[in-house]
Amino acid sequence: MRGAGAPGGQGQHSGKMGTLGHPRLILLTYLLVALELTCLFMRFSIMPYLTRRLGLDSVAFGYLQTAFGVLQLLGGPVFGRFADQRGARAAFTLSFLASSAFYLILAAACSPALPGVALLYVSPLPAALMHGLPAAQMVITDLSAPEERPAALGRLGLCFGVGMIFGSLLGGTLSAACGLRCPAAVALVANLVAAVLSFTCIPISTKGVSTHAQAAPPGGAQASVFDLKAISRLLLRPGVLPVFLVKVVSGFPSGLFMVMFSIISMDFFQLDAAQAGYLMSFFGVLQMVIQGLVIGRLSSHFSEGALLRTSVLGFIVVGLAMAPMSSIFHFCLLMPGLVFSLCALNVVTDSMLTKAVSASDTGTMLGLCASVQPLTRTLGPTVGGLLYRSFGVPVFGHVQFATNVLVLLALWRQPLAQKPDKIW
C-alpha cells in the first residue's frame, strides 16, 4: 500500500485499509495460504524420492523431517511476536522469502552437478521462518468479529484442501514429466510471486482495523521479538493455559497416527503409491468440506465450549473404533469422524485463544498454536515408531481413546469460561 505510513497510530489504520477493503484482503489472504499449501504438498510428493535418489535411507529421511519440525517449533512463537510488532506485510513477506530460500536449496539439491546430500541437510534451516499460515490466521483474526472468528478461521480448511489436492497432483505430474527439480523450481517461482503480492498488496498492519478488536494493554515499552518471557507470559493469562493444554493433549494421539500413516499405509493397508495418493485426496476433500463449510455453520448455532467437547467426544469414538481396524475400507469409514474432530479442535481452540489475549498479541498466540503441529512432527516419529513396532496399529486407537477420556472428564469437572451467547 503506497499511501501507508509507519505502523502504530490508530488514525493510520483507516487509511491503510482504504485502498484494499476487508473482503478483498481476506480473499487475498486465503489465496496466499492456498498457494503456500500447494507448494508444501508438492514438497511432500518429491522429498521421499529425492532422498532415495541421493542414497539416503529412511532413518536419514526421519532426521530431516525432525530437523524441519524442531526449527518450526522453535521459530513459531518468535515469528508470531515478529508479526505482532512488524505487522502483516512484514510477516507474510518474510515467510514467503524464507520459503523461496528453502525451495531454491531444494532445487539445487536435485542437480547432479551440486553436492545434493549436503544441500538437503542444509535445506531445513529456513523452516524457522516459514509460517505463512499463522500470519494468515492473524490477519483473519484481526479483521473478523469474535462471533464470526470460528467460521472465518474454518474457511482456511478450504485452502488446506485445495493445497493438498493440487499440490499432490502437481508434484507427481511435474516430477514424472520433467524430473524432481521441476516441482521445486515451480514452488520457488510461486513463493517469489507470493512475496511480491504480500509486499505490494498487504497493509503494513491489520491491528486495530476491526471495530471489534480488543485494545492492547496501555503503556510499557515494546519488548524484543526474542523476549521468551513475554511469549511464555501469554500462557499464564486467564483462560489460556487450560485451552492450550486441551489443544496439545487431545490432538496428540491422532497426530502420532498421521505421522506414521505413510508407513502404516504401506505395511498395514498394503497400498501402493497411487492408492495412497487417492486416499490423501479423499482426506483433502473431507478437510475442505468439514472445516470450510460444516464448522462455520455449527459455530453459528453452538458455543465454542460445546464444539470443543464434541471434538473430544469424537476422538473417543474414533479411537474406540480404530482399535479393531483391519482394512482400508474400515479406515475410510472412520475418516470423516477423525477429520471433524481434528478440524473442530484446531479451529475452536485457535478462536478461543485469540479471544483470550489482546489484539496486539494475536500473532504471538497463533505462533504458539502453530508450534503444536511441529511438536508432534518432532516427537511423533520416535514415539509413534516405538508404539507401532511394539503393539501394532491398534495401539493408536487405544491411546487416543484413553487420552481423550481423561480430557473430557477434565472439561466436565472444570468447564472453560464461555460467553452465554449461544446454546450448549
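Parameters and conventions
Residues numbered from 1 in each chain as written. Predicted model: local features only at pLDDT ≥ 70, side-chain atom pairs only at ≥ 80, totals over all residues. Heavy atoms only, no water. Axes fitted to C-alpha atoms, helices over the stretch in contact; angles between N-to-C directions. Helix = DSSP H or I, 4+ residues; strand = E, 2+ residues; numbered from the N terminus. Left-handed = near helix turned anticlockwise from the far one by under 90°. Contact = heavy atoms within 4.5 Å. Nonpolar A, V, L, I, M, F, W, Y, C, P; charged D, E, K, R; others polar. Core = buried A, V, L, I, M, F, W, Y, C linked by side-chain atoms within 4.5 Å. Buried < 20%, exposed > 50% of the residue type's maximum accessible area, 1.4 Å probe, protein only. Parallel < 35°, antiparallel > 145°, perpendicular 65-115°, else oblique. pLDDT = per-residue confidence, 0-100. Disulfide = S-S within 2.5 Å. Phe/Tyr/Trp six-rings, centres within 6.5 Å; stacked < 30°, edge-to-face > 60°. Lys NZ or Arg CZ within 6 Å of the ring centre and 35° of its normal.

Let's shift gears to the packing of helix α15 (residues 328-355) against helix α16 (residues 362-370). At a minimum axis distance of 9 Å, the contact between α15 and α16 shows a crossing angle of 145°. In the crossing of α15 with α16, the sense of the turn from one axis to the other is right-handed. Contacts between α15 and α16 involve Asp350, Leu353 and Thr354 from the first element and Thr362, Met365, Leu366 and Cys369 from the second. By residue class, the composition of the contact of α15 with α16 is 4 nonpolar, 2 polar and 1 charged.

Time to look at the nonpolar core. Counting residues in hydrophobic clusters, the biggest one holds 84 residues, and the most contacted among them are Phe257 and Phe396. Not counting residues within four places of it along the chain, the set of residues in contact with Phe396 comprises Leu256, Phe257, Met260, Ile264, Met322, Gly384 and Tyr388. Residues Leu50, Ala98, Tyr103 and Leu120 belong to the second largest nonpolar core, which totals 22 residues.

With that settled, consider the packing of helix α14 (residues 304-322) against α15. For the pair α14 and α15, the least separation of the axes is 8 Å and the interaxial angle reads 150°. With respect to α15, the element α14 is oriented roughly antiparallel. Helix-helix and strand crossings are classified by hand; for α14 and α15 the assignment is left-handed. Among the residues forming the contact of α14 with α15, the class breakdown is 14 nonpolar, 8 polar and 2 charged.

Per-residue pLDDT for the protein chain has a mean of 80; in total, 86% of the residues score no lower than 70. Across residues 210-221 the pLDDT falls below 50, and counting only partners more than four positions away or on other chains, this stretch makes 19 contacts in the model. In the model, residues 418-424 has pLDDT below 50 throughout and makes 18 contacts with residues more than four positions away in sequence or in other chains.

Here we take up the state of the cysteines. For the structure shown, the criterion picks out 0 disulfides. Between Cys178, a free cysteine, and Cys182, which holds the nearest cysteine sulfur, the sulfur-to-sulfur gap is 4.2 Å.

Now for the packing of aromatic side chains. If you walk through the whole model with that rule in mind, you get 12 aromatic pairs. Judged by centre distance (5.6 Å) and plane angle (90°), the ring pair of Phe41 and Phe160 falls under edge-to-face. With Phe41 in helix α2 (residues 22-53) and Phe160 in helix α8 (residues 156-178), this pair connects stretches of sequence that are 119 residues apart. By way of ring pairs, the aromatic residues Phe257, Phe261, Phe268, Phe269, Phe331 and Phe396 are connected into one cluster. Over the ring of Phe199 we find Arg89; its NZ or CZ atom is 5.8 Å from the centre of that ring. For Arg309, the ring lying beneath its charged end belongs to Trp412, and the centroid distance is 4.8 Å.

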